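Single-letter residue listing:
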Amino acid sequence: MAPEGQATRCGFAAILGAPNAGKSTLVNGLVGQKVSIVTQKVQTTRFPVRGVMIEQRAQIVLVDTPGVFVPKRRLDRAMVASAWGGAADADALVHVVDALAASRMREGRGDGADKKTHEDVQYVFEGLQKHGGKAILALNKVDVLERAKLLELSKSFFEIGIYDEVVMISALKLSGLKRLKELLASRMPVGPWLYPEEQAADTPMRVMAAEITREKVFLRLHEELPYQATVETDIWTEKTDGSVRIEQTLYVMREGHKGIAIGKGGETLKWISQQARKEIAEAIERRVHLFLHVKVRKNWIEDRSLYSAMGLDFDV
């Protein structure tokens, strides 16, 4: 419930950017706790996660959109469509850019990953130009760049004409976020708050639990298991002692991937389960009994029902 007195503000802010630009880390930093999956792999956010932050008398609902990149597969197209859908409905737009990668490209020494990031950033430029309106440019990872390079980079981006503000941030170190919070608060329309003051996200807990487990899968398996893996929460049972029993399934597309996910003597699956259980328990502040199973679901990436569960449009 909003405090009494002056008029309150409330609205939505879409966080856009190329994969791995730091969007999820930024959302978590703005909210003050983890509400979105964060890994070193790109394209891990598959559906918009709404984090709720409060700045003075404004409540800002942060939509952490899937990374905006050049789509190739059905899942890619659905994720990108979801990202632009979130942007179209937002009261404010924040474009997060990896300043380090952008600087290397400007100097002509970017590697393959930097070039891919540059391509995706250009794709976001085009989308923002079509969208109209002005966005806030958030240059991320600025703590590892010289000030002169940052100023040059900021000037080159600002001259494109799609931004009206530039903020220098380090989402990981929580640097520069105060200024961004103030800008977002000023762009929210006058109106009542949508969520209780203590609520940090509106993602259903069983969905968030599945995302937490999927994050641990990526953290553990790195390059061994491709993106064709997903986690579903099948059963969520409230126990009489106040604890929660959660049964989840990790779906992989090939029999060989199942062995990778389980590991020798079940060691890998045990690690994933332990790490996920610990974090889920911290998130819901209750004891958790987590049971994780691995199943092969060939070509799940073409399963319409899974797209619906992730809030994505299968037919885009």
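For the structure itself, look to the data block above.
Residues numbered from 1 in each chain as written. Predicted model: local features only at pLDDT ≥ 70, side-chain atom pairs only at ≥ 80, totals over all residues. Heavy atoms only, no water.

Chemist: Can you help me understand the overall build of the chain in this one?
Modeler: Of regular secondary structure, the chain possesses ten helices and nine strands. Counting every position in the chain, which comprises 316 residues, the buried fraction comes to 49%. Within the chain, counting contacts between residues at least 6 apart in sequence, those at least 24 apart form 72% of the total. With an accessible surface of roughly 14,800 Å², the chain has 50% of that area assigned to carbon and sulfur atoms. (Helix = DSSP H or I, 4+ residues; strand = E, 2+ residues; numbered from the N terminus. Buried < 20%, exposed > 50% of the residue type's maximum accessible area, 1.4 Å probe, protein only. Contact = heavy atoms within 4.5 Å. Areas by Shrake-Rupley, 256 points an atom, 1.4 Å probe, with all protein chains shown as cover.)

Chemist: Which parts of the structure should I look at to understand the sheet that holds strand β9 (residues 288–296)?
Modeler: Strands pair in a sheet through their backbones, by hydrogen bonds, and they do so in one of two ways: parallel or antiparallel. What the three strands build is an open sheet, ordered β7-β8-β9; its pairing is mixed. Of all the strands in the sheet, just β7 (229–238) and β9 have a single pairing partner and so form its edges. Strand-to-strand twist in this sheet, taken as the mean axis angle between neighbours without regard to direction, amounts to 20 degrees. Here β7 pairs with strand β8 (residues 244–252) via nine bridges, running antiparallel. Each bridged residue has a counterpart across the sheet, and for Ala-229 the counterpart in β8 is Val-252. Contacts from helix α7 (residues 205–221) reach β7, β8 and β9 within the one sheet, and its direction differs from that of β7 by about 135 degrees. Packed onto the sheet, helix α9 (residues 267–284) meets β7, β8 and β9 and runs at close to 135 degrees relative to β9. (Pairing = 2+ DSSP bridges. Axes fitted to C-alpha atoms, helices over the stretch in contact; angles between N-to-C directions.)

Chemist: Teacher, can you tell me more about α7 here?
Modeler: Residues separated by three or four positions in an α-helix point in the same direction, a consequence of the helix having 3.6 residues per turn. Here α7 spans 24 Å end to end across 17 residues, near enough to the 24 Å set by a 1.5 Å rise per residue. With twelve of 17 residues buried, α7 lies mostly within the body of the structure. Those residues of α7 that sit buried are Met-208, Ala-209, Ala-210, Glu-211, Ile-212, Thr-213, Arg-214, Glu-215, Lys-216, Val-217, Phe-218 and Leu-221. (Expected span 1.5 Å × (residues − 1).)

Chemist: What's the story with the nonpolar core in this structure? I'm lost.
Modeler: Counting residues in hydrophobic clusters, the biggest one holds 26 residues, and the most contacted among them are Leu-26, Leu-30, Ile-60, Leu-62, Val-94, Leu-180 and Leu-184. Elements supplying a minimum of two residues to this core: β1 (9–17), α1 (23–31), β3 (58–64), β4 (92–98), β5 (135–140) and α6 (177–187). Apart from the residues lying within four places of it in its own chain, the contact partners of Leu-26 are Ile-15, Val-96, Ile-169, Ala-171, Leu-177 and Leu-180. In this structure, Val-121, Phe-125, Leu-139 and Phe-157 belong to the second largest nonpolar core, which totals 22 residues. (Core = buried A, V, L, I, M, F, W, Y, C linked by side-chain atoms within 4.5 Å.)

Chemist: Sorry, what's going on with the environment of Asn-140 here?
Modeler: Here Asn-140 is to be found in strand β5. Sequence separation between Asn-140 and Leu-26 is 114 residues, and the spatial gap between their C-alpha atoms is 8.9 Å. When residues no more than four places from it in sequence are discounted, the contact partners of Asn-140 are Ala-21, Gly-22, Val-96, Val-97, Asp-98, Ala-99, Leu-100, Ile-169, Ser-170 and Ala-171.

Chemist: Got a minute to help me understand unusual backbone geometry in this structure?
Modeler: Positive phi is not limited to glycine here, since Gln-56 has a value of about 55 degrees. Note on placement: Gln-56 falls in the loop between β2 (49–55) and β3. The exposed category is assigned to Gln-56, whose relative accessible area is 64%. A positive phi angle, near 60 degrees, is found at Leu-174, a position not held by glycine.

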